[in-house]
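# Coordinate inspection notes
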Amino acid sequence: MQTVLVDFRSGDRYVLNDLTVIGSSSKQAGQKGVTLNSAGVSPRHAMIRRSAAGFLIYDLGSETGTWINGERIAVARELQGEDRITIGDRDLICAEGFVNHELRPRGAGQGSKSDSEQVAWIFVSDVFSFTTLGERMPLNDFARVMGSWYDACERVLGGEHGRIVNFAGDAVLAYWEGDLGNGLKALRAANGMIKACQDIRTKEHRIFDSIDMDFGSGFALNRGEVFVMNPSLDLLGDVVNGTFRVEKLTRDLGEQVLATSSFVEGCADHAHFFSKLG
């Protein structure tokens, strides 16, 4: 069963793909996106991504925001059947296919032919002081800042050919296949996201100055064996869980980027980029 959005005004139906961009620019949305030529819709307004749990929607730093059932969203949210998405002055209704258990990961021994065990480069990033930012910022400002961060994740990780697996609130999980050259792509993605966070801080300086806070993310880079669920909807394994734990250490150690020994060993030709801690 296809999963579709229905335009409440026109009745037009849009089939959701693994990645669907919603915006006023057909160039930004692409052939498989949703183009809404209407008031209050930004060129690249929101994105819907298929995940292991279903479909996640998140704003991309738009001016007017993305609303679900009358509530402006600040972080990624799982869509449910009959949800009403408001983009500018347009309403889109979630129709068929939102209760689809085939999207959820199967248990051990129930994988499909496309499920695979492989060595991968793992990337985890988490926004610093996320809870405090949400408490101190007005919702509209917080939503715009987080939307800009989601947009940066898509652009930077996509630019380095990383595969985003999931957004969980203020965290992103992505990976590259185990080819040796991909470790450098993961490292460049971390550097690119550092720069993107700085740009967000500069662009929204009035918001951050008013609460006397900075904006940034912690990053953890790892390499090891993972289980990729069909069709790359989820990433499982001890190495994934370990990468999230390493990212939490960025706050304790005062380091914005941490790489495990497995990651560094895989980047032997670029060892000069790393400094050993302890």
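Above this text is the structure in question.
Below you will find a few notes about this structure. Since the structure is predicted, the reported quantities are computational estimates derived from the model, not experimental observations. (Residues numbered from 1 in each chain as written. Predicted model: local features only at pLDDT ≥ 70, side-chain atom pairs only at ≥ 80, totals over all residues. Heavy atoms only, no water.)

## Focus: the sheet that holds strand 8 (residues 71–72)
So the rule is basically this: At least two bridges found by DSSP between two strands is the condition for calling them paired. Only DSSP runs of H or I reaching four residues or more are called helices, and only runs of E reaching two or more are called strands; each is numbered from the N terminus.
Pairing is antiparallel across the open sheet formed by six strands, whose spatial order is 2-1-11-10-7-8. The two strands at the open ends of the sheet, each matched to only one other strand, are strand 2 (13–15) and strand 8. Relative to strand 10 (residues 84–87), strand 7 (residues 66–68) runs antiparallel, the two being bridged by three bridges. Residue pairing in the sheet places I68 in a bridge with I85 of strand 10.

## Points about helix 3 (residues 139–159)
Note the cut-off: A helix is expected to span 1.5 Å for every residue after the first. The buried label goes to any residue with under 20% of its type's maximum accessible area, the exposed label to any with over 50%, and the partly exposed label to all in between, with areas taken from a 1.4 Å probe on protein chains only.
With 21 residues, helix 3 should cover 30 Å at 1.5 Å per step; its first-to-last C-alpha distance of 30 Å lies within 8% of that length. The buried fraction of helix 3 amounts to 16 of the 21 residues, a majority that puts the element mostly inside the structure. The first or second residue beyond helix 3 is H161, which carries a positive phi of 60°.

## Some details on helix 4 (residues 182–203)
An ideal rise of 1.5 Å per residue puts 32 Å on 22 residues; helix 4 measures up with 31 Å between its terminal C-alpha atoms. Residues of helix 4 that are buried: N182, G183, A186, L187, A189, A190, M193, I194, A196, C197, I200 and R201.

## Re the nonpolar core
Going by this rule: Nonpolar cores are built from buried Ala, Val, Leu, Ile, Met, Phe, Trp, Tyr and Cys residues. Side-chain atoms within 4.5 Å join them into one set. Should any heavy atoms of two residues lie within 4.5 Å, those residues are considered in contact.
Residues F123, L133, W149, L157, F167, M193 and F215 are the most contacted members of the largest nonpolar core, which totals 45 residues. Secondary structure elements with two or more residues in this core: strand 12 (116–127), helix 2 (130–136), helix 3, strand 13 (163–168), strand 14 (171–177), helix 4, helix 5 (205–211) and strand 15 (217–229). Once residues within four sequence positions are removed from consideration, F167 is found in contact with R49, L56, Y58, A76, W149, Y150, C153, E154 and V172.

## A few points about the sheet that holds strand 4 (residues 34–35)
What counts, and what does not: A fitted line through C-alpha atoms serves as each axis, taken over the contacting stretch for helices, and the angle formed by two N-to-C directions is quoted from 0 to 180°.
One open sheet holds the five strands; their spatial order is 4-3-5-6-9, and the pairing between them is mixed. Every other strand in the sheet has two partners, leaving strand 4 and strand 9 (77–78) as the edge strands with one partner each. In this sheet, strand 5 (residues 46–51) lies alongside strand 3 (residues 19–23) in antiparallel orientation, the contact comprising four bridges. When the bridges of strand 5 are listed, T20 appears paired with I48. Seen against the sheet, helix 3 touches strand 3, strand 5 and strand 6 (54–59) and runs at an angle of roughly 120° to strand 6.

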